[in-house]
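Observations on the model geometry
Listed below are the residues making up each chain.
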Amino acid sequence: MTTAVVEERDRSLLTRVQHLLHSQATIGPAVVLLVSVIVFALLSERFLTPGNISLILQQVAVVGTLAVGQTIVILTAGIDLSCGAIMVLTSIVMAKVASETGLPGLPALLLGFLVGTLCGLLNGLLVTRLKLPPFIVTLGTLNVFFALNLWYSGSATIRGSDMPSLLLFTGQTFTVGGTRITYGSIMLVLLVAAMAFVLKNTAWGRHVYSTGDDLEASRLSGIRTARVLLSVYATAGLIYAVAAWTLIGRIASASPQAGQTDNLDSITAVVIGGTSLFGGRGAVVGSLIGALIVGVFRNGLALAGVDVLWQTMAVGVLIIVAVSLDQWIRKVKA
Amino acid sequence: MTTPVLQARGLVKRYGKVTALAGSDLELLPGEILAVIGDNGAGKSSLIKALSGAVIPDEGSILVEGSEVSFSSPIDARHAGIETVHQSLAVAPSLDIAANLFLGRERRRPGVLGSVFRMLDRAGMREEARRQLDALGIMTIQNPGQAVETLSGGQRQAVAVARAAAFGSRVVIMDEPTAALGVRESRAVLDLILQVRERGLPVILISHNMPHVFEVADRIHIQRLGRRKAVVDPKSVSMSDAVAIMTGAMEPPAA
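Residues numbered from 1 in each chain as written. Chains lettered and ligands numbered in written order. Predicted model: local features only at pLDDT ≥ 70, side-chain atom pairs only at ≥ 80, totals over all residues.

1. Brief notes about the overall build of chain B
Test applied: Strands are runs of DSSP state E lasting at least 2 residues, helices are runs of H or I lasting at least 4, and numbering of each runs from the N terminus. Every radius of gyration here is taken over C-alpha atoms, with the globule rule written as 2.2 Å times N^0.38, N being the number of residues. The burial criterion counts other C-beta atoms lying within 10 Å of a residue's C-beta, which is placed from the backbone; the residue is buried at 20 or more, exposed at 12 or fewer, and partly exposed between these limits. Throughout, a pair of residues is in contact if the C-beta atoms placed from their backbones lie within 7 Å.
Counting secondary structure elements, chain B contains nine helices and ten strands. Computed over its C-alpha atoms, the radius of gyration of chain B comes to 19 Å, within 12% of the 18 Å expected for a compact globule of 255 residues. Looking at chain B residue by residue over its 255 residues, the buried ones come to 46%. Long-range contacts, defined as pairs at least 24 residues apart, comprise 66% of the intrachain contacts of chain B with a sequence gap of at least 6.

This is how it looks when you write it as structure tokens:
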């Protein structure tokens, strides 16, 4: 033990920070979020008003939910470009089936969940059976699902007034201390909590990490890695369907053109949240924080009167910084 | 005659036109360290992979304590009590030591927390990991909660060996455990191998390093051109003769 103490003293401050970030990947994003909230609050009086906080939470809910599914895919060293397309397709399925056939809200919702899961399962099968890179698989299915979405919807938006109220439930609000909070945001928080628990405390969670960390080592350790990957993509598909529900509530309709850039935004949230694109490292709480950081940046810069193009540039810089930080953390030594 | 703990009879493995194993035999006796040596392409890896369930042989049979088994995956071999330390170590670097020790066979909490919520017994696994490291005299590792990627090469090897020793009930197979290590670290790993034998577990040691082989092995299996060429006693055969047999420069002494 004494030697360990001596080594501890020998470490520079920088090395200690590196070790801290290595063991607690979400600390970095949490600090960034906190600092940016403080800075934007100082820049604009309106930033911390209940109405504005409510707005940020609503804006973050859809991408945040997608990011939960995206996180587990990226933890396995994969990537899912099709998440936005799956979300839009399932939102159309839920809304159109209910509005055209008069199917009640619950079965329509469950049908959407089933469609989302099947879409995810297809991604998983292509990744595990055909052994194609996830980037290529989901680039392909992104177009397939989007085309199906245009075909099935006939490129027409379905109005909220034609849908059962359950589908719009996620957009309804309740008020806490003057801040209106949507049920969609609550669902996101619950989903993050549940996924964080599963990833941390179950064997499946560990296998998700180890599969992304070292596929061959996991296989040799007796983990059925193909099954893990399949379950990850299918679960992600289900979560995208939950995001579809949140999306319908947010825009009070189902539009085949909604969420065009949400796939990339979800990847942005995951990466800024400290999850490594190389797999095996990260946390779903980080992705929620990442989504909030993007939301806070865009909103705060807008309130400060900064042009949209600079908001976009700020997000771009954040991504580069986050990935560079991840590379540095990975080089940690004993 | 004692029944071999693990036995291979006439194993054949072909990869397309390449024959990696051309009817190879192997016998591992209780409580011994059997070294397997051979030139590159002699079929050492294929032999070991067949015994550890990582590849399925085209022909031949594998017997565990005299009864025939067929392994279709590494899990089958593990269920038969055969643990392998792969050359790649097969550890997940970002997971901690305890998680790696129990990778693929995690323990769940007792009661509802385990059965309904599928919660892992993290504290229990950490304690057991600590116990296993202590039992093998691995004192350089202080904290089983440390990520494996923060360990040195020798320490990683120690973790892989500890995992095999902890769960192997019949046989531990080690593939080139000292290949990537320095002198001091190799020394520690050789001591570990002897420790495993002390526990009564027989070991199959694949190595290119003749001094290491001659130091710890009880018998040496020499593989050549996909077959077992000879089994020699390191006390009666010199290192250079063993290499000569391995490369085909010399015929093995009549047994």
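2. Let's talk about the pairing of strand β7 (residues 171-175) of chain B
Residues and elements named next belong to chain B. The condition that has to hold: Any two strands between which DSSP finds at least two bridges are classified as paired. Every crossover in which the path from the first strand over the helix to the second runs clockwise, viewed with the strands pointing away from the viewer, is termed right-handed.
Most of β7 is tucked away: five of the five residues are buried. Side chains Val171, Ile173 and Asp175 of β7 all project onto a buried face; the interleaved residues Val172 and Met174 project onto the opposite face, where all are buried too. Where strand β6 (residues 82-85) lies against β7, four bridges are found, and the strand directions are parallel. The residue bridging Val85 from the neighbouring strand is Met174, located in β7. The sheet contact formed by β7 and strand β8 (residues 203-206) spans four bridges and is parallel. Bridging from a neighbouring strand, Ile173 pairs with Ile204 of β8. The handedness of the β7 to β8 crossover, carried by helix α7 (residues 183-198), is right-handed.

3. Quick look at helix α9 (residues 239-247) of chain B
Residues and elements named next belong to chain B. So the rule is basically this: What the arc covers is the set of directions going from the helix axis to the C-beta atoms.
Along α9, the residues classified as buried are Ala242, Ile245 and Met246. Viewed end-on, α9 has its buried residues packed into an arc of 100 degrees, placing them on one side of the element. For α9, the secondary structure elements touched by its buried residues are β3 (33-38), α8 (210-216), β9 (219-224) and β10 (227-232).

4. Quick word on the sheet that holds β7 of chain B
All names here are of chain B. Test applied: Under this scheme, a helix contributes an axis fitted over its contacting stretch, all axes are lines through C-alpha atoms, and angles between N-to-C directions fall in the 0 to 180 degree range.
Ordered in space as β6-β7-β8-β3-β9-β10, the six strands form an open sheet in which the pairing is mixed. What marks the edges here is a single partner per strand, and that holds for β6 and β10. When the angles between neighbouring strand axes are averaged without regard to direction, this sheet yields 20 degrees. Packed on one face of the sheet, α9 meets β3, β9 and β10 and runs near 30 degrees to β9.

5. Let's talk about the interface of chain A and chain B
Listed by partner, the interface residues are 21 residues for chain A and 24 residues for chain B. Those elements that place two or more of their residues in the side of chain A that touches chain B are α10 (203-213) and α11 (215-220) of chain A. If you tally residues by element for the side of chain A that touches chain B, the top one is α10 of chain A, at five residues.

6. Remarks on helix α4 (residues 50-75) of chain A
Residues and elements named next belong to chain A. Operational definition: Each residue after the first adds 1.5 Å to the expected span of a helix. Throughout, bend refers to the angle between the axes fitted to the seven residues that end at a position and the seven residues that start at it.
Counted at 1.5 Å a residue, the expected span for α4 with its 26 residues is 38 Å, and the 35 Å between its end C-alpha atoms agrees. A bend of about 40 degrees at Ala61 is the largest found in α4. Positioned one or two residues after α4, Ala77 has a phi angle of 70 degrees, which is positive.

7. Notes on the confidence of the model for chain A
Using the following cut-off: pLDDT runs from 0 to 100 and stands for how confident the predictor is about each residue.
This prediction gives chain A a mean pLDDT of 90; 96% of its residues lie at or above 70. Predicted confidence is poor over residues 1-8 of chain A, with pLDDT under 50, and the contacts of this stretch with residues over four places away or in other chains come to one contact.

8. Things to note about the packing of helix α6 (residues 105-128) of chain A against helix α7 (residues 134-153) of chain A
All names here are of chain A. The cut-off we apply is this: A crossing counts as left-handed when the near helix is turned anticlockwise from the far one by less than a right angle, and as right-handed when that turn is clockwise. Under the scheme applied here, ten amino acids are nonpolar (Ala, Val, Leu, Ile, Met, Phe, Trp, Tyr, Cys and Pro), four are charged (Asp, Glu, Lys and Arg), and all others, including Gly, are polar.
Axis separation between α6 and α7 bottoms out at 9 Å; the angle between their running directions is 145 degrees. At the point where α6 passes α7, the crossing takes the right-handed sense. Contacts between α6 and α7 involve Cys119, Leu122, Asn123, Leu126 and Val127 from the former and Pro134, Val137, Thr138, Thr141 and Phe145 from the latter. Of the residues that constitute the contact of α6 with α7, the class distribution is seven nonpolar, three polar and no charged.

9. Topic: the nonpolar core
We apply this condition: By convention the nonpolar core is taken to be a set of buried residues drawn from Ala, Val, Leu, Ile, Met, Phe, Trp, Tyr and Cys and joined through C-beta atoms within 7 Å.
In terms of nonpolar packing, the biggest core is built from 165 residues, with Leu167, Tyr240 and Ile293 of chain A together with Val172 of chain B touching the most fellow members. Examining the composition of this core, we find that 16 residues originate from one element, helix α12 (residues 225-251) of chain A, more than from any other. Among all residues touching Leu167 of chain A, those that are not within four sequence positions of it are Met94, Ala95, Ala98, Gly105, Ala108, Leu109, Trp245 and Ile248 of chain A.

10. Here we look at the sheet that holds strand β5 (residues 67-69) of chain B
Residues and elements named next belong to chain B. Strand order in the open sheet made by the four strands is β2-β1-β4-β5, with antiparallel pairing throughout. Two strands close off the open sheet at either side, each with one partner strand: β2 (18-28) and β5. Direction aside, neighbouring strands of the sheet carry axes that sit 30 degrees apart on average. For strand β4 (residues 59-64) and β5, the ladder comprises three bridges, and the chain directions are antiparallel. Paired with Leu63 across the bridge in β5 is Glu68.

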